[in-house]
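# Coordinate analysis (summary)
Here is how the chains run, residue by residue.
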Amino acid sequence: MSKRIIFHVDVNSAYLSWEAVHRLQHGDSLDLRTVPSVVGGNPETRHGIVLTKSIPAKKYNIQTGETIHSAYAKCPELIIVPPNYGLYMQCSKAFGDILREYSPLIEQYSIDEYFMDFTNMHRLYKDPIETAYIIKDRIKNELGFTVNIGISTNKILAKMASELKKPDKVHTIFPDEIADKMWILPIEELFMVGRATVRKLRSRAINTIGDLANYDPKIIKLFLKSHGMLVWNYANGFEGSPVRENRRTLIKGIGNSTTIAFDVEDRRTAHLVLLSLTETVASRLRQSGYCARLVSVSLRTNEFYNCSHQKKIFSAIDCTTAIHEIACELFDELWKGEPVRHLGVRVSELCRNDFQQIALFEKDYAKQRAVDKAVDSIRKRFGNGSVFRSSFINSGVRFSSGGTMDDEEYPMMSSIL
């Protein structure tokens with residue numbers, strides 16, 4: 001059996017790059033990647049967190065995960081762009097389709113990352129490094145954004161390689177390169193080593209990945225338990241999980257939630273917030289080619305009391321109006337009149353939307369589905385805000401809220417590669 005060759009392909013500043021390319025293609029003269037800018041939260045209320053930032057924004061010490069308010073305080077000229085997950089899914093699929101031209105074994109690891117098993121592909125492509133450059137340049141030239149590609153014999157080393165110097169680079173960390181390229185890095189740059197683990201390691205003079213790799217694993221296990229053995233193995237480049245084909249089919253649910261900038265104290269406003277969330281959920285549901293048989297609503301009061309409710313439906317739906325009606329019904333059953341600060345809508349028990357069976361006594365949403373299809377088409381062409389429901393005018397509620405994607409929609413980072 002020939003030596004494994006694994007690629008890890010990672011988009012540089014994904015959300016920001018995709019937004020920048022989209023705007024440039026639609027006539028905008030400003031490239032968001034060249035100025036201090038971030039994607040995340042609400043530009044008007046400055047609520048929410050930074051999801052990704054431009055390279056110029058790094059000069060102001062703006063960090064991914066910090067609040068929009070804090071980022072704006074560091075840089076008053078900061079451009080804040082709300083997330084557009086429909087666009088991100090299109091871009092993710094587009095560069096995934098290019099990768100599939102080079103290997104049948106492709107695993108989507110998150111919305112902006114793919115693993116590719118290049119083992120035995122030398123029959124078609126002689127040099128994996130040369131092929132990586134071809135793939136990188138194709139994505140840049142055909143789609144307009146850049147990626148980093150890491151190459152090695154397993155997933156952890158390929159991922160660590162892709163995290164080296166950015167952007168628009170190809171890097172390798174083969175087993176004989178671990179000491180020179182990986183062990184010299186600070187311990188916090190090792191995958192799966194978070195802040196709490198860093199503190200424990202540094203308190204024992206383990207400051208680099210090499211320090212951890214050469215430490216006694218028995219002692220590591222004493223104070224970090226099983227997680228200690230995991231990161232010790234990663235530091236030594238030990239990892240053997242396969243590239244799992246068609247992982248994208250594991251979608252179990254699509255959800256959206258938002259922390260509201262004010263206390264919601266009346267049913268009409270709550271229903272409107274639920275509609276703004278449902279607009280995003282239903283659009284992503286249709287775009288993914290699914291219908292749902294289960295609708296869930298969650299809420300959090302201003303006293304931080306959390307509760308949720310769900311309803312199973314006989315006929316699977318993907319219609320915005322149908323999902324919203326059920327969400328409102330669930331909210332009315334949950335709500336006891338207390339001020340609400342956080343609302344969420346989620347759909348699950350998904351099935352393909354290429355066939356629908358309407359029950360005899362259930363409402364037929366055929367006309368509304370046609371409207372949804374037309375609205376989706378308009379928004380895709382002219383932008384998310386090109387058409388929205390009149391009920392949002394002068395309401396104080398945005399026509400599209402939230403943007404939190406469920407882990408189940410795109411499997412994110414886990415302890416097992």
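Note that the coordinates shown come from a computational prediction; the quantities given were computed from them, not determined experimentally. (Residues numbered from 1 in each chain as written. Predicted model: local features only at pLDDT ≥ 70, side-chain atom pairs only at ≥ 80, totals over all residues. Heavy atoms only, no water.)

So, about the overall build of the protein. In terms of helices and strands, the protein carries 13 helices and twelve strands. In the protein, which comprises 417 residues, the share counted as buried stands at 52%. Across the protein, every contact between residues at least 6 apart in sequence was considered, and the portion connecting residues at least 24 apart equals 65%. Accessible surface computed for the protein: about 20,300 Å², of which carbon and sulfur atoms make up 54%. (Helix = DSSP H or I, 4+ residues; strand = E, 2+ residues; numbered from the N terminus. Buried < 20%, exposed > 50% of the residue type's maximum accessible area, 1.4 Å probe, protein only. Contact = heavy atoms within 4.5 Å. Areas by Shrake-Rupley, 256 points an atom, 1.4 Å probe, with all protein chains shown as cover.)

The next point concerns the sheet that holds strand S11 (residues 306–317). Working definition: the strands of a sheet are paired by backbone hydrogen bonds and lie parallel or antiparallel to each other. Taken together, four strands build an open sheet; the order of strands is S9-S12-S10-S11 and the sheet is antiparallel. Two strands lie at the open edges of the sheet, namely strand S9 (253–264) and S11, each paired on one side alone. Each adjacent strand pair in this sheet contributes to an overall mean axis angle of 15 degrees, direction not counted. Across eight bridges, strand S10 (residues 290–301) lies against S11 in antiparallel orientation. Across the sheet, the residue bridging to serine 296 is glutamine 310, located in S11. Together, S9, S10, S11 and strand S12 (340–352) form the strand contacts of helix H11 (residues 267–287), whose direction differs from that of S9 by roughly 155 degrees. Packed on one face of the sheet, helix H12 (residues 320–334) meets S10, S11 and S12 and runs near 145 degrees to S11. (Pairing = 2+ DSSP bridges. Axes fitted to C-alpha atoms, helices over the stretch in contact; angles between N-to-C directions.)

Where helix H4 (residues 85–99) contacts helix H5 (residues 128–143), the two axes come as close as 10 Å, and the packing angle between them is 140 degrees. By the angle class used here, H4 and H5 are oblique. For the element pair H4 and H5, the recorded crossing hand is right-handed. Contacts between H4 and H5 involve Ala94, Phe95, Ile98 and Leu99 on the former and, on the latter, Ile135, Arg138, Ile139, Glu142 and Leu143. Of the residues that constitute the contact of H4 with H5, the class distribution is seven nonpolar, no polar and two charged. (Parallel < 35°, antiparallel > 145°, perpendicular 65-115°, else oblique. Left-handed = near helix turned anticlockwise from the far one by under 90°. Nonpolar A, V, L, I, M, F, W, Y, C, P; charged D, E, K, R; others polar.)

The next point concerns helix H10 (residues 217–235). Given 3.6 residues per turn, any residue in an α-helix points the same way as the ones three and four places further on. Here H10 contains 19 residues, and its C-alpha end-to-end distance of 11 Å is more than 12% below the 27 Å for a straight helix at 1.5 Å per residue. The largest bend in H10 is about 135 degrees, located at leucine 224. Taken residue by residue, H10 has Ile220, Phe223, Leu224, Gly228, Leu230, Val231, Trp232, Tyr234 and Ala235 as its buried positions. Looking at the buried positions of H10, the neighbouring elements they touch are helix H6 (155–162), helix H7 (178–181), helix H8 (195–202) and helix H9 (209–213). In this structure aspartate 216 caps H10, since a side-chain oxygen of it lies 3.0 Å from the backbone nitrogen of lysine 218. In the segment just after H10, glycine 237 is the residue with positive phi, at about 80 degrees. (Expected span 1.5 Å × (residues − 1). Bend = angle between axes of the 7 residues up to and from the residue. Polar contact = N/O pair within 3.5 Å; in protein donor to acceptor, adjacent residues only side chain to side chain.)

Right, let's get into the side chain of threonine 172. Tracing the sequence through the fold places threonine 172 in strand S8 (residues 170–172). Within polar-contact distance, the side chain of threonine 172 engages the side chain of glutamate 177 at 3.0 Å. The contact partners of threonine 172, leaving out residues within four places of it in the chain, are Ile129, Ile151, Ala161, Glu177 and Lys181.

Here we come to the packing of aromatic side chains. According to the stated counting rule, one finds 13 aromatic pairs in the structure shown. An angle of 40 degrees between the planes, with centres 5.4 Å apart, marks the rings of tyrosine 102 and tyrosine 125 as tilted. Highlighted residues: tyrosine 102 in the loop between H4 and strand S5 (106–110) and tyrosine 125 in the loop between strand S6 (113–117) and H5, separated in sequence by 23 residues. When the ring centre of phenylalanine 115 is taken as origin, the NZ or CZ atom of lysine 155, which lies over that ring, is 5.2 Å away. Lying over the aromatic face of phenylalanine 223, arginine 204 brings its terminal NZ or CZ to 3.8 Å of the ring centre. (Phe/Tyr/Trp six-rings, centres within 6.5 Å; stacked < 30°, edge-to-face > 60°. Lys NZ or Arg CZ within 6 Å of the ring centre and 35° of its normal.)

Our next topic: the confidence of the model for the protein. Chain-level statistics for the protein give a pLDDT mean of 84 and a share of 87% at 70 or above. Mean pLDDT per element in the protein: helix H13 (residues 366–382) is the minimum at 79, and S8 is the maximum at 97. A low-confidence stretch, residues 403–416 stays under pLDDT 50, and its non-local contacts, those more than four residues away or across chains, total 54 contacts. (pLDDT = per-residue confidence, 0-100.)

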